[in-house]
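Tertiary structure, described
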Amino acid sequence: MRPPHRTARLLLVAGLAGLSVTCQGDNLTRPGPGGSAGEPVLAAGPPARISVTRQPPPSALDREVWDPARQPIVVVRDAAGVGVAGVAVTASVASGAGTLQGAVTVTTRTNGSAPFGDLGIAGTESHTLRFVTGSITATSSTITLNPLPPEATTGQWDLPVGWDIVPLHIQLLPTRKLLAWGKYEPNGSMGMPRLWDPASGLPGTARMVHADTMLFCAGHTLMADGRVMVSGGHKDDDRGLDVTNIFNPATESWTSGLPRMAKGRWYPTVTTLADGRVVTVAGRDESSAFVLIPEIWENNRWVQLPGASLKLPYYPRQFLAPNGKLFYAGERIKARWLDVDVVTTAGRGRWTTTSGLTHLWPFNRDYGSAVMYDTGKILYVGGGGDLNWSTNDPKASAPTATAETIDLNIAGPRWSNTGAMRYPRRHLNATILPDGQVLATGGTSAGGFNNLSGAVRAAEVWSPATGRWTELAGNRVDRVYHSVSLLLPDGTVLHGASGDANVPGSTQSYPRQASHELFRPPYLFKGVRPTITGLSKTTVTYGESFFVTTPYAAQITGARWIRLGSVTHAFDANQRANTLTFARLAGKVRVTAPTTSRRAPPGHYLLFLLNRNGVPSSGQMLRVQ
């Protein structure tokens, strides 16, 4: 008499022999009544054995999220060798002192396979993994884990790269090219903009795009359609031009003959609003008088806002807020709201403020930096130190290391202290990173307008989750007044320029730094990066969902987009970020755009996907409208 399990196996084999069996992916099927595949094969028996059909990587970094192609696959079969579906397989460390991280339990598919997608081990040296379902186990091959390199903590600076100008005004365009200009050409003539394609070589390959006015000390931002709006320019030190210049990245040319502003502007700030209109605020006019009245670009002309007359310092740090108003975060002690459409007896436009909008550091934060690091959330960091600065606010004799945050999403927002940097800084740049942190670069810790004796080379990064700053690696060149920092699509940061100006009240020049250095943040040294292989669309509307194709879908824990940068004088007037809602699907991620343009003004953004270690993909260009 045959044993019962032997009889069952023979019956199963005989049954399969009488069927035409088709394998479609994970589904083993047999013909249905009409002869087509679709009806499942006889149900498998209970799990009897488990095997590892794809081993984990032979080597990896401590805490690295392994590449999807090296994530283990386990198959569960019954006694007859048929894959068992719907059973949970749990992974754990079989040998080694490390800790398994990621999604450690997977349910088998219809063919009995359990493909893991998000595993990694916190630890070093050699490890093996154990896979368990019920009382059945299998053990993986050995994984050698190497320590993270020091750069995973400090980041890394590349060597300086030379330009023929000091690129103290710089913007990232929707074409992924950079538009930059300085004050002077190498021969001392008027500075001309350069258009540089990093994919084509070093900055020496940049093409000059002639402008008929001096754009030094103008304000600029990217408009809703991706063109660069440039407001004002340089007539002389402290004297601005009333001109308007718009650069079109598609034609790579400037639009001439545009309507002029009512006043010249030198050191203004330009901001794109929720409906695509653009506002320019502050600066000095042709006669060196402070410009008190903002102007708004609508219907292709400038309109004054006389109801919003207010004296503000150079390059106000201002942002579109979730309530649709413009929010002036500083440099002055008192922050304010600007409503561009309200009409009062004084005319159109109105500034308002409340007691909660008073900064906690009781001095003017001149040449500090500010970013909207997430929807409606602002970090203001550093600044101060010049007793001769032109403001009625109290002034400090030395810059500050302190930082403050404010959440504009709530009623009655108030400034709150967050962690202080290790180094006081003036003329620093703050840059939003794909992982949600904020990078501080450059600046000086010494008092006075631009005292290079206190130049700070160490970078620092601020975490919104902890409110703390971490010191990172230092660059090689002192970059203080007129320095810039710009996030690039690959997640690196271009930190460059400095100088191209005289010491105030003298003919002595600051060192002219016609170069940039590339900073590679710590997340670039933590192992494999997610990749994006496709977008279902590159132009989306508010509240719309779209699909991002990625083999790393199972590993994605975050989706963020960051508006393209437009930087000068320690402030990026265009960059801001949104954390996006998303859902993981097979081989892709469904991402949903913000619901309203008040939360993300129309224009171009870099989309990043992140894994649980905060390692981002390269940024993909998207437009929201």
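Structural data are supplied above this passage.
Let me begin by describing the structure that accompanies this report. Everything quoted here is computed from the prediction, not taken from an experiment. (Residues numbered from 1 in each chain as written. Predicted model: local features only at pLDDT ≥ 70, side-chain atom pairs only at ≥ 80, totals over all residues. Heavy atoms only, no water.)

The helix and strand tally for the chain stands at 2 helices and 56 strands. Counted over contacts in the chain with a minimum sequence separation of 6, partners at least 24 positions apart contribute 59%. For the chain, the exposed area adds up to about 23,500 Å²; of that, 51% sits on carbon and sulfur atoms. The centroid of the 59 positive side-chain charges in the chain is displaced by 7 Å from the centroid of its 43 negative side-chain charges. (Helix = DSSP H or I, 4+ residues; strand = E, 2+ residues; numbered from the N terminus. Contact = heavy atoms within 4.5 Å. Areas by Shrake-Rupley, 256 points an atom, 1.4 Å probe, with all protein chains shown as cover. Lys, Arg positive; Asp, Glu negative; His and termini not counted. Charge placed at Lys NZ, Arg CZ, Asp CG, Glu CD.)

Note on placement: Leu387 falls in the loop between strand S36 (377-381) and strand S37 (403-407). The exposed category is assigned to Leu387, whose relative accessible area is 52%. Put simply, Leu387 and Asn364 are 23 residues apart on the chain and 9.8 Å apart in space, counted from C-alpha to C-alpha. Ignoring sequence-local partners within four residues, the contact set of Leu387 consists of Lys395, Ala396 and Ser397. (Buried < 20%, exposed > 50% of the residue type's maximum accessible area, 1.4 Å probe, protein only.)

With that settled, the discussion passes to the pattern of salt bridges. Side chains that differ in sign of charge can pair as their charged atoms come close. The full count for this structure, using the stated rule, is 28 salt bridges. Note that Arg365 is salt-bridged to Glu404, the shortest N-O span being 2.9 Å. Highlighted residues: Arg365 in the loop between strand S34 (347-352) and strand S35 (369-374) and Glu404 in strand S37, separated in sequence by 39 residues. Each member of the pair, Arg365 together with Glu404, is buried. (Salt bridge = Lys/Arg side-chain N within 4 Å of Asp/Glu carboxyl O.)

Below, the discussion takes up the sheet that holds strand S53 (residues 581-585). What the 4 strands build is an open sheet, ordered S46-S48-S54-S53; its pairing is antiparallel. Looking at which strands have only one partner, the edges of the open sheet turn out to be strand S46 (534-535) and S53. Strand direction decides the pairing type here: S46 and strand S48 (residues 545-549), joined by 2 bridges, are antiparallel. From the neighbouring strand, Gly534 faces S48, where its bridge partner is Thr549. (Pairing = 2+ DSSP bridges.)

A few words now on the pairing of strand S31 (residues 317-320). The two faces of S31 match: Arg317 and Phe319 on one face and Gln318 and Leu320 on the other face are all buried. By the bridge criterion, 4 bridges tie S31 to strand S32 (residues 326-330) in an arrangement that is antiparallel. Its bridge partner lying in S32, Arg317 is registered against Gly330. Taking the residues between adjacent antiparallel strands as the criterion, S31 and S32 are bridged by 5 residues, where Gly324 takes a positive phi near 90 degrees.

Let's shift gears to the packing of aromatic side chains. Under the criterion given, the structure shown has 26 aromatic pairs. Note on Trp266 and Tyr314: the rings are 5.6 Å apart at their centroids and 80 degrees apart in plane angle, and the pair reads as edge-to-face. Of this pair, Trp266 sits in the loop between strand S26 (253-255) and strand S27 (269-272) while Tyr314 sits in the loop between strand S30 (301-304) and S31; the two residues are 48 residues apart in sequence, bridging distant segments of the chain. Each member of the pair Trp266 and Tyr314 is classed as buried. An aromatic cluster is defined as three or more aromatic residues linked by ring pairs; in this entry it consists of Trp266, Tyr267, Phe290, Tyr314, Tyr315, Tyr367, Trp389, Phe449, Tyr481 and Tyr510. The ring of Trp389 is capped by Arg426, whose NZ or CZ atom sits 5.9 Å from the centre of that ring. Sitting over the face of the ring of Phe547, Lys588 holds its NZ or CZ atom 4.6 Å from the ring centroid. (Phe/Tyr/Trp six-rings, centres within 6.5 Å; stacked < 30°, edge-to-face > 60°. Lys NZ or Arg CZ within 6 Å of the ring centre and 35° of its normal.)

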